[in-house]
Amino acid sequence: VGSAPSMRFIAFVPLCAESRKAAKVKASMMQCISSLRGSIATCQAQVRAMGKAAEKNFENNLKMKLMPEYCVPYALHLLAFRHETASAAGTLAGEDDSDAEMEADELAQSEEASEKRLKKRLKFLFDPLI
């Protein structure tokens, strides 16, 4: 478990979706996920041999550190609080009230770009996990 890749690494990966090295980052993420899945298989085999107490420990503690799917809440949190992520109020997060004079057309384009970026990042996160 000590050599397993961190969930934080996987959670930060969607932020690289627009980078020039996105393909390399995604390949690293796939390798990380494969490594985690291998660690899970090994750990589960060892846990089954140890008995019920070990299985309970695996379910309650180790599973959250090894299963790549557990990075999703962290990634969603990071994406939700990015300054370029559109908020439900119709403005971009991080904007001041002084920016309220932004034209409606400009705001719509900004929100559209923000939504497109968010969709790309979510796809970047979920594709390797599926």
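Scope of this entry: the structure provided in the associated data block.

About the thresholds
- Residues numbered from 1 in each chain as written.
- Predicted model: local features only at pLDDT ≥ 70, side-chain atom pairs only at ≥ 80, totals over all residues.
- Heavy atoms only, no water.
- Helix = DSSP H or I, 4+ residues; strand = E, 2+ residues; numbered from the N terminus.
- Buried < 20%, exposed > 50% of the residue type's maximum accessible area, 1.4 Å probe, protein only.
- Contact = heavy atoms within 4.5 Å.
- Areas by Shrake-Rupley, 256 points an atom, 1.4 Å probe, with all protein chains shown as cover.
- Axes fitted to C-alpha atoms, helices over the stretch in contact; angles between N-to-C directions.
- Left-handed = near helix turned anticlockwise from the far one by under 90°.
- Nonpolar A, V, L, I, M, F, W, Y, C, P; charged D, E, K, R; others polar.
- Patch = residues over 30% accessible without salt bridge, like charges linked within 9 Å, V, L, I, M, F, W, Y side chains within 5 Å.
- Salt bridge = Lys/Arg side-chain N within 4 Å of Asp/Glu carboxyl O.

### Re the overall build of the protein
1) Next: Helix and strand content of the protein: 5 helices and 0 strands.
2) Next: Secondary structure elements of the protein occur, N-terminal to C-terminal, as α-α-α-α-α.
3) Next: Looking at the 130 residues of the protein, the share that counts as buried comes to 27%.
4) Next: The contacts in the protein between residues at least 6 apart in sequence include a share of 68% that link residues at least 24 apart.
5) Next: Counting only carbon and sulfur atoms, one obtains 56% of the accessible surface of the protein, whose full area is about 8700 Å².

### Description of the packing of helix 2 (residues 22–50) against helix 5 (residues 104–129)
Axis angle and axis distance: for two packed helices, these are the angle between their axes and the distance between the axes, and together they describe the pair.
1) Next: Interaxial distance between helix 2 and helix 5 falls to 10 Å at its minimum, and their mutual angle equals 35°. Note that helix 2 runs across helix 5; the crossing there is right-handed. Counting all contacts with helix 2, which are made through Ala 22, Val 25, Lys 26, Met 29, Met 30, Ile 33 and Arg 37, the residues of helix 5 involved are Phe 124, Leu 125, Asp 127, Pro 128 and Leu 129.
2) Next: Among the residues making up the contact of helix 2 with helix 5, the classes are represented as 9 nonpolar, no polar and 3 charged.

### Concerning a nonpolar patch on the surface
1) Next: On the surface, Leu 76, Phe 126 and Ile 130 cluster together to form a nonpolar patch covering roughly 320 Å² of accessible area.
2) Next: Relative to the helices and strands, Phe 126 is located in helix 5.
3) Next: Taking the relative accessible area as the measure of exposure, Phe 126 reaches 31% and is therefore partly exposed.

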